[in-house]
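Fold and contact review
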Amino acid sequence: SHRPTICYRPIQPSDLEVLERLHADIFPIRYEEEFFQSVVHARDIVSWAAVDRSRPNGHSDELIGFVTARIVLAKETEIGDLLIYDPLKPDQTLVYILTLGVVETYRNLGIARALIRQVIKYASSIPTCHAVYLHVISYNIPAIHLYKKMSFKCIRRLQGFYLINGQHYDSFLFVYYVNGG
Ligand code: ACO
């Protein structure tokens, strides 16, 4: 139909309703209200929205994609051991991607790639940050292709990491090193 004009901006309080609906539609996991509040108020969470400026009828600022992430202390994570631990720098950090999603009709346009690039750029700008990392469920082929294509390294397979409707599923742990790893 129309030609999209995709722009990227931080997620803000007015995005709450759409953000919740997209998470419910896209993910098999339920997120707490507190998570969404933290995202829209940028409490311990950084996020980017994709919007289509060419959408008519007041939809030109409505989320069509999102990525959310948290800064964590490297030593408190399961991959802290992968970094060279320097006792003089106990404040080493990582950026952990929590959720990434693109509305179905906007897929395969490079929007997820652009959102991940924003996260990598942000992580690279933090001197203490050594990597961006995330978990992905083992059957999610589009996401696995995306991370591989963006040069993330798959460093672990975690048995039964996810529990969905009483079923266990494995996850892959992907890492992208920044600032020299
Ligand atoms: N099949 C195979 N590879 C794919 C597919 C697919 N369906 N979709 C994307 N890719 C790969 C390709 O390698 C593509 O590069 P190419 O076009 O040069 O071949 C690359 O990803 C980039 O594609 P984008 O267009 O940027 O991806 P898109 O905007 O369509 O979003 C996403 C991909 C986020 C996985 C989308 O399909 C989605 O929202 N899925 C449901 C939610 C989800 O799975 N989120 C990620 C979970 S992991 C997490 O949240 C930490």
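Note: the structure precedes this text.
What you are looking at is a predicted structure, and each value in this text was computed from that prediction instead of being measured.

1. Considering the environment of Ser171
With respect to the helices and strands, Ser171 occurs in strand E7 (residues 167-177). Counting along the chain gives 40 residues from Ser171 to Ala131, while the straight-line C-alpha distance between them is 19 Å. In this structure, Ser171 is in contact with His135, Val136, Ile137, Ser138, Arg156, Arg157, Leu158, Phe161 and Tyr162, ignoring residues within four places of it in sequence.

2. Some thoughts on the site of the ligand
As a structural note, the neighbourhood of the ligand is formed by 22 residues, with Leu100, Asn108, Gly110, Asn140 and Lys149 the closest of them. Between Leu100 and the ligand, the recorded distance is 2.7 Å, taken from a backbone N or O atom to a nitrogen atom. Arg113 places a main-chain nitrogen or oxygen 2.9 Å from an oxygen atom of the ligand. Expressed as a share of its isolated accessible area of 970 Å², the protein-covered part of the ligand is 79%. Of all the elements in the fold, those that place two or more residues in the shell around the ligand are strand E4 (93-102), helix H3 (111-124) and helix H4 (141-149). With six residues, the single largest contributor to the shell around the ligand is H4. Residues belonging to the shell around the ligand are distributed by class as follows: 12 nonpolar, seven polar and three charged.

Criteria and thresholds
- Residues numbered from 1 in each chain as written.
- Predicted model: local features only at pLDDT ≥ 70, side-chain atom pairs only at ≥ 80, totals over all residues.
- Heavy atoms only, no water.
- Helix = DSSP H or I, 4+ residues; strand = E, 2+ residues; numbered from the N terminus.
- Contact = heavy atoms within 4.5 Å.
- Near = heavy atom within 4 Å.
- Polar contact = N/O pair within 3.5 Å; in protein donor to acceptor, adjacent residues only side chain to side chain.
- Areas by Shrake-Rupley, 256 points an atom, 1.4 Å probe, with all protein chains shown as cover.
- Nonpolar A, V, L, I, M, F, W, Y, C, P; charged D, E, K, R; others polar.

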